[in-house]
Amino acid sequence: MLLGCATSSHVMIGTVHPPISPESVRVYVQPPEKYEEVATIDASSQGSFAITSQQNMDKAIARMKEEAAKLGANGILLQGVQDQQSGSIGTGVGSSSYGPGSSTGVGVGGSFGIYNKAAHGIAIFVPQ
């Protein structure tokens, strides 16, 4: 049950290093000159109170940094980011009336989606 609620995960593809602080993890869009792959990482902003797209992105990246830091990776090579629909909110109203020999019903409804950001990357160790 708890695994279904996970907001970040990893799959090992290299060697784990001693844990570091998440603030020490750098995000790369282009690969650095030299690096060692540690793990693939997925994270999302699901379950956060982020409202804007940027806040959701920041939360997903923060969770990736936390996951990478646990593995001793000092970098994340960002592979992709996407919007994921995590739910929706809807409402509707209706009315009906009955008369002699007839009845009438009317209904109106609407809904909107709730989205979060999902990020995928590779946790890397960059020699200093």
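The notes below deal with the structure included here. Note that the structure is predicted; figures quoted are calculated from it, not measured.

The rules behind these values
Residues numbered from 1 in each chain as written. Predicted model: local features only at pLDDT ≥ 70, side-chain atom pairs only at ≥ 80, totals over all residues. Heavy atoms only, no water. Helix = DSSP H or I, 4+ residues; strand = E, 2+ residues; numbered from the N terminus. Buried < 20%, exposed > 50% of the residue type's maximum accessible area, 1.4 Å probe, protein only. Contact = heavy atoms within 4.5 Å. Polar contact = N/O pair within 3.5 Å; in protein donor to acceptor, adjacent residues only side chain to side chain. Core = buried A, V, L, I, M, F, W, Y, C linked by side-chain atoms within 4.5 Å. Patch = residues over 30% accessible without salt bridge, like charges linked within 9 Å, V, L, I, M, F, W, Y side chains within 5 Å. Areas by Shrake-Rupley, 256 points an atom, 1.4 Å probe, with all protein chains shown as cover. Salt bridge = Lys/Arg side-chain N within 4 Å of Asp/Glu carboxyl O. Expected span 1.5 Å × (residues − 1).

Points about the overall build of the protein
(1) Moving on: When helices and strands are tallied, the protein shows 1 helix and 5 strands.
(2) Moving on: Seen in sequence order, the protein has helices and strands lined up from the N terminus as β-β-β-α-β-β.
(3) Moving on: Of all 128 residues assigned to the protein, the portion counted as buried reaches 27%.
(4) Moving on: Contacts in the protein between residues at least 24 apart in sequence constitute 78% of all its contacts with a sequence separation of at least 6.

Regarding the side chain of Ser-45
(1) Moving on: The topology assignment puts Ser-45 in the loop between β3 (36-44) and α1 (53-70).
(2) Moving on: Looking at Ser-45, the relative accessible area reads 1%, which means it is buried.
(3) Moving on: A polar contact of 2.8 Å, which involves the side chain of Ser-45, links it to the side chain of Asn-56.
(4) Moving on: With residues near it in sequence (within four places) discarded, Ser-45 still touches Asn-56, Lys-59, Ala-60, Arg-63, Asn-116 and Lys-117.

Some thoughts on the nonpolar core
(1) Moving on: Membership of the largest hydrophobic core comes to 16 residues, with the highest contact counts inside it found for Val-38, Met-64, Ala-68 and Ala-123.
(2) Moving on: Mapped by element, the contributors of at least two residues to this core are β3, α1 and β5 (102-125).
(3) Moving on: At 6 residues, the largest contribution of residues to this core is made by α1.
(4) Moving on: The residues touching Val-38, leaving out its near neighbours within four places in the chain, are Met-12, Ile-13, Gly-14, Thr-15, His-17, Leu-71, Ala-73, Ala-123, Ile-124 and Phe-125.
(5) Moving on: Core analysis: the next-biggest nonpolar cluster, separate from the first, contains 5 residues, Tyr-28, Leu-77, Ile-122 and Ile-124 among them.

Quick word on the environment of Ile-13
(1) Moving on: Mapped onto the elements of the fold, Ile-13 is located in the loop between β1 (8-12) and β2 (26-28).
(2) Moving on: Note on Ile-13: relative accessible area 44%, which makes it partly exposed.
(3) Moving on: Along the primary structure Ile-13 and Ala-123 are separated by 110 residues, whereas in three dimensions their C-alpha atoms are 9.4 Å apart.
(4) Moving on: When near neighbours in sequence (up to four residues on either side) are disregarded, Ile-13 contacts Glu-37, Val-38, Ala-39, Thr-40 and Ile-122.

Focus on a nonpolar patch on the surface
(1) Moving on: Nonpolar side chains collect at one region of the surface, where Val-93, Val-106 and Val-108 lie side by side and expose about 300 Å² of accessible area between them.
(2) Moving on: Counting through the fold element by element, Val-93 comes out in strand β4 (residues 75-99).
(3) Moving on: On the basis of relative accessible area, Val-93 is assigned to the exposed category, the value being 61%.

Side note on the pattern of salt bridges
(1) Moving on: Considering all chains together, one arrives at 1 salt bridge under this definition.
(2) Moving on: We note a salt bridge from Lys-70 to Glu-67, for which the minimum N-O separation is 4.0 Å. Of this pair, Lys-70 and Glu-67 both sit in helix α1, separated by 3 residues, roughly a single helical turn.

Observations concerning α1
(1) Moving on: Given a rise of 1.5 Å per residue, 18 residues ought to cover 26 Å, and the 26 Å separating the end C-alpha atoms of α1 matches this to within 8%.
(2) Moving on: Among the residues of α1, Asn-56, Met-57, Ala-60, Ile-61, Arg-63, Met-64, Glu-67, Ala-68 and Ala-69 are the ones counted as buried.
(3) Moving on: Directly beyond the C-terminal end of α1, a positive phi value near 80° is found at Gly-72.

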